[in-house]
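Given next are the chains, with one letter for each unit.
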Amino acid sequence: MLDFYMTFDPISLEFSEPTSSPPLVNQYAQVSLKSEDNKLLLVLLSEAQLSSEIPWSEVWQELKHSLQAREQSWQPGTKVTLVAHDRLLDARQLQTIVEILNEAQLGIDRVCTSRRQTAIAAATAGYSVEQTTVEQSLSPSSDNQDQLLAEPLYLQNTVRSGIEIRHPGTVVVLGDLNPGGKIIAAGDIFIWGRLRGVAHAGALGNRQCRILALKMEPTQLRIADAVARSPKLSPKQLEPEVAYVTATGIRLAKAIDFAKNYSLSTLSS
């Protein structure tokens, strides 16, 4: 059994789109560029804002022209956050955007989207992802958080160092969470591989959430406001384990024994 401890370190987590200065292109454009500190926001119109179905070729051509017209407005290497709203983007379309940005010496750093398929495509391509909700507002003060959770996000790839995944629901990773990688979820976190990065479940305050990994070697675990760090010495043998919150802090249990020995009544409310 690993020794974990609990500290209370309240954080403010909002699954929301970033705010910024007015767009650099006109309001009728399909894409707009907004400056924010030392980075750019590339904003696509939401589906509700589209007056008709726009061919994808027109979207990327407009992006290309906008970048060429504003090429002196940023420094080479400036990071770009793609705000995709509810637009459905596949791997090919994301790659087109990346190639156009590369021509302007820019690169995508993060993708913000309310579309689960777009979030999966972006995470699979190796970008940090923040998935937002459209109809509902996630708030720690909500009376019934379970009803506010989005559908689970399934990722069939390893979350590498420097990648951050934020999702207003449960996250399932069919791969590893590498050191330097981070997953922040309003629901549970399941890692079907090695968990060696930072995992924060119940990020909106739900202390009944859990973190499960086939091999638990975390840099840090968080469940709601409870925090635990791994001991300096790792155990010689690693097996599937579940992290959960009790009245005394975050504890680990063997996954095979968890369902038999622990019930919701033994967990802190």
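Residues numbered from 1 in each chain as written. Predicted model: local features only at pLDDT ≥ 70, side-chain atom pairs only at ≥ 80, totals over all residues. Heavy atoms only, no water.

This part is about the overall build of the protein. Scanning the protein for helices and strands turns up 4 helices and 16 strands. Looking at the 269 residues of the protein, the share that counts as buried comes to 48%. Within the protein, counting contacts between residues at least 6 apart in sequence, those at least 24 apart form 45% of the total. When the accessible surface of the protein is totalled, it reaches about 13,800 Å², and 47% of it is carbon and sulfur. (Helix = DSSP H or I, 4+ residues; strand = E, 2+ residues; numbered from the N terminus. Buried < 20%, exposed > 50% of the residue type's maximum accessible area, 1.4 Å probe, protein only. Contact = heavy atoms within 4.5 Å. Areas by Shrake-Rupley, 256 points an atom, 1.4 Å probe, with all protein chains shown as cover.)

The next point concerns the packing of helix 1 (residues 56–69) against helix 2 (residues 91–103). Between helix 1 and helix 2, the least distance of the axes is 10 Å, while the angle of their chain directions is 15°. By the angle between their axes, helix 1 is roughly parallel relative to helix 2. Crossing handedness for the pair helix 1 and helix 2: right-handed. Here Trp 56, Trp 60, Leu 63, Lys 64 and Leu 67 of helix 1 come into contact with helix 2, specifically with Arg 92, Gln 93, Thr 96, Ile 97, Ile 100, Leu 101 and Glu 103. Grouping the amino acids of the contact of helix 1 with helix 2 by side-chain chemistry returns 7 nonpolar, 2 polar and 3 charged. (Axes fitted to C-alpha atoms, helices over the stretch in contact; angles between N-to-C directions. Parallel < 35°, antiparallel > 145°, perpendicular 65-115°, else oblique. Left-handed = near helix turned anticlockwise from the far one by under 90°. Nonpolar A, V, L, I, M, F, W, Y, C, P; charged D, E, K, R; others polar.)

This part covers the environment of Arg 87. Along the chain, Arg 87 falls in the loop between strand 3 (79–85) and helix 2. On a C-alpha basis, the gap between Arg 87 and Ser 114 in space is 8.1 Å, while along the polypeptide they are 27 residues apart. Not counting residues within four places of it along the chain, the set of residues in contact with Arg 87 comprises Leu 44, Leu 45, Ser 46, Glu 47, Leu 50, Val 59, Thr 113, Arg 115 and Thr 118.

The next subject is the sheet that holds strand 9 (residues 182–185). Overall, mixed pairing links the 10 strands, which are arranged 1-2-3-4-5-7-9-11-13-14 in an open sheet. Whereas interior strands pair on both sides, the edge strands pair on one side only; in this sheet they are strand 1 (31–36) and strand 14 (226–228). The mean angle between the axes of side-by-side strands here comes to 15°, regardless of whether they run parallel or antiparallel. Relative to strand 2 (residues 39–44), strand 1 runs antiparallel, the two sharing 6 bridges. By the bridge assignment for strand 2, Val 31 is matched with Leu 44. Strands in contact with helix 1 are strand 1 and strand 2; relative to strand 1, the strand with the most contacts, it is inclined by about 40°. (Pairing = 2+ DSSP bridges.)

Turning our eyes to something else, we now look at helix 2. Relative to the 18 Å expected for 13 residues at 1.5 Å per residue, helix 2 spans 19 Å between its end C-alpha atoms, a close match to the ideal helical length. Among all positions of helix 2, only Gln 93, Leu 94, Thr 96, Ile 97, Val 98, Ile 100 and Leu 101 are buried. Where helix 2 is buried, its residues touch strand 2, helix 1, strand 3, strand 4 (107–113) and helix 3 (116–124). At the N-terminal end of helix 2, a side-chain oxygen is found 3.2 Å from the backbone nitrogen of Arg 92, two or three residues along, and the residue is Asp 90. Immediately beyond the C-terminal end of helix 2, within one or two residues, lies Gln 105, with a positive phi of roughly 60°. (Expected span 1.5 Å × (residues − 1). Polar contact = N/O pair within 3.5 Å; in protein donor to acceptor, adjacent residues only side chain to side chain.)

As a further point, take the pairing of strand 8 (residues 169–173). Taking burial as the measure, the 5 residues of strand 8 include 5 buried ones, the bulk of the element. Across 4 bridges, strand 6 (residues 150–155) lies against strand 8 in parallel orientation. When the bridges of strand 8 are listed, Tyr 154 appears paired with Val 172. Across 3 bridges, the pairing between strand 8 and strand 10 (residues 189–195) is parallel. Its bridge partner being in strand 10, Val 173 is matched across the sheet by Ile 191.

With that settled, consider the confidence of the model for the protein. Chain-level statistics for the protein give a pLDDT mean of 81 and a share of 75% at 70 or above. Taken together, the stretch residues 15–28 has pLDDT below 50 and engages in 36 contacts with residues farther than four places along the chain or on a different chain. Note that pLDDT drops below 50 for residues 135–147; the model gives that stretch 17 contacts with residues more than four away or on any other chain. (pLDDT = per-residue confidence, 0-100.)

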